[in-house]
Amino acid sequence: MKVEIGAMEDRLAGPGSHDPEQQVMDAQLLAIAEAALARLGPRQRGALELHRLDGLTHDQVARRLGVSPRTVRSDIADALAAVAKALSRAGAPRPDRPE
């Protein structure tokens, strides 16, 4: 399964900014996130895509991938951590902390 995050940019990013500087920064952050996703192993990437983009439950993802729900939870957590780490290294603000 291959999902292009760029094709879903509007859905993921929400309403676009009219500020050109913010648009450039958003595009850079999206590229960093896409690169981090591309570096994931196929099972981690697949678990994350099936759960977050396709809306499947952990049990449904586990059945599709032939692994346990616990493995799915672990793969999703590891995938999100990898993306967060890549964004953090780039200096992206954390959504759970005000700037």
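Scroll up to find the structure this text is about.
Draft legend 1. Region of the structure containing the packing of helix H4 (residues 58–65) against helix H5 (residues 69–89). The N-to-C vectors of H4 and H5 enclose an angle of 100°; their axes lie 8 Å apart at closest approach. Judged by the inter-axis angle, H4 sits roughly perpendicular to H5. On H5, the residues touching His58, Asp59, Val61 and Ala62 of H4 are Pro69, Val72, Arg73 and Ile76. Its residues assigned to classes, the contact of H4 with H5 shows five nonpolar, one polar and two charged.

Draft legend 2. Molecular detail of the packing of helix H2 (residues 20–39) against H5. For the pair H2 and H5, the least separation of the axes is 9 Å and the interaxial angle reads 140°. With respect to H5, the element H2 is oriented oblique. Taken as a pair, H2 and H5 cross one another with a handedness that is right-handed. The segment H2 lies against H5, with Leu29, Ile32, Ala33, Ala36, Leu37 and Arg39 engaging Ala82, Val83, Ala86 and Leu87. The residue makeup of the contact of H2 with H5, split by class, is nine nonpolar, no polar and one charged.

Draft legend 3. Local environment of the nonpolar core. Ranked by size, the top nonpolar core spans 15 residues in total, and within it Leu37, Ala47, Leu48, Val61, Val72, Ile76 and Val83 carry the most contacts. Sorting the residues of this core by element identifies H2, helix H3 (42–53), H4 and H5 as the ones contributing at least two each.

Draft legend 4. The arrangement of the side chain of Asp75 in detail. Examined against the element boundaries, Asp75 turns out to sit in helix H5. Apart from the residues lying within four places of it in its own chain, the contact partners of Asp75 are Arg43, Gln44 and Ala47.

Draft legend 5. Summary view of the environment of Ala82. If you trace the backbone, Ala82 turns up in helix H5. Counting along the chain gives 49 residues from Ala82 to Ala33, while the straight-line C-alpha distance between them is 9.1 Å.

Draft legend 6. Spatial organisation of H3. In a regular helix each residue adds 1.5 Å, so twelve residues correspond to 16 Å; H3 covers 15 Å between its end C-alpha atoms and thus fits that length. Burial in H3 covers these residues: Gln44, Gly46, Ala47, Leu48, Glu49, Leu50 and Leu53. Gly55 sits one or two positions beyond H3 and adopts a positive phi of about 75°.

Reading guide: rules and limits
Residues numbered from 1 in each chain as written. Predicted model: local features only at pLDDT ≥ 70, side-chain atom pairs only at ≥ 80, totals over all residues. Heavy atoms only, no water. Axes fitted to C-alpha atoms, helices over the stretch in contact; angles between N-to-C directions. Helix = DSSP H or I, 4+ residues; strand = E, 2+ residues; numbered from the N terminus. Parallel < 35°, antiparallel > 145°, perpendicular 65-115°, else oblique. Contact = heavy atoms within 4.5 Å. Nonpolar A, V, L, I, M, F, W, Y, C, P; charged D, E, K, R; others polar. Left-handed = near helix turned anticlockwise from the far one by under 90°. Core = buried A, V, L, I, M, F, W, Y, C linked by side-chain atoms within 4.5 Å. Buried < 20%, exposed > 50% of the residue type's maximum accessible area, 1.4 Å probe, protein only. Expected span 1.5 Å × (residues − 1).

Take it as geometry only, folks, not as evidence of what the structure does.
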